[in-house]
Amino acid sequence: MRDGGAGRCPGASGPSLGSGLMDVLIHIFVGLHIIGIAALLGGFLTQMKAMGQGAARFTPAMLHGALTMLVTGAVLVGLNQAQDYSVDNVKIGVKLAVLIVILGLVYVKRDDEKVDKPLFGLVGVLTLVNIFIAVLWT
């Protein structure tokens with residue numbers, strides 16, 4: 001399955017007219033979704049040394065990455081449902097809940113010069129949880 005649980009069922013036969021274009025669109029949004037997770041995780045990883053010193057902060061890349069994931073994830077679900085591909089709604093719901101917690105924490109603390117270690121670490125752990133849900137939940 002594609003990230004977010006929105007993927008084609010094995011052996012599924014969807015509409016043939018325009019499905020090639022829709023598949024290309026889905027792949028583009030999967031790429032954008034991956035860019036979003038890279039920005040969120042990359043922003044976290046660049047602050048690891050600062051976290052050890054108690055000076056970590058949420059970077060704009062982290063906020064923008066999480067927002068990109070939210071928008072592209074919603075679009076991916078819609079595109080896959082429009083193609084009659086299977087979508088695991090429970091998986092999508094869990095991933096959305098985790099992402100909303102991440103977004104809430106990053107958004108509220110985005111202007112703080114320093115973020116407490118446990119709070120900053122929680123965002124990193126939740127980001128990894130979301131990645132592993134996407135990859136391992138089948």
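Being a predicted model, the structure only gives us computed values, none of them experimental.

1. Details of the overall build of the protein
When you go through the protein residue by residue, the secondary structure sums to five helices and two strands. Reading the helices (α) and strands (β) of the protein from amino to carboxyl end gives β-α-α-α-β-α-α. A buried classification covers 41% of the 138 residues belonging to the protein. In the protein, of all internal contacts separated by at least 6 residues, the share reaching a separation of at least 24 is 83%. For the protein, the exposed surface amounts to about 7400 Å²; the carbon and sulfur share of it is 70%.

2. Focus: the UniProt feature "transmembrane region" (unreviewed entry) in the protein
In the numbering used here, UniProt assigns the "transmembrane region" (unreviewed entry) feature to residues 24-46, 58-80, 92-108 and 120-137. Its end C-alpha atoms 32 Å apart, residues 24-46 is made of 100% helix and 0% strand. Secondary structure within residues 120-137 divides into 94% helix and 0% strand; the distance between the first and last C-alpha atoms comes to 25 Å.

What counts and how
- Residues numbered from 1 in each chain as written.
- Predicted model: local features only at pLDDT ≥ 70, side-chain atom pairs only at ≥ 80, totals over all residues.
- Heavy atoms only, no water.
- Helix = DSSP H or I, 4+ residues; strand = E, 2+ residues; numbered from the N terminus.
- Buried < 20%, exposed > 50% of the residue type's maximum accessible area, 1.4 Å probe, protein only.
- Contact = heavy atoms within 4.5 Å.
- Areas by Shrake-Rupley, 256 points an atom, 1.4 Å probe, with all protein chains shown as cover.
- UniProt positions renumbered as here; feature names shortened; annotations may be inferred.

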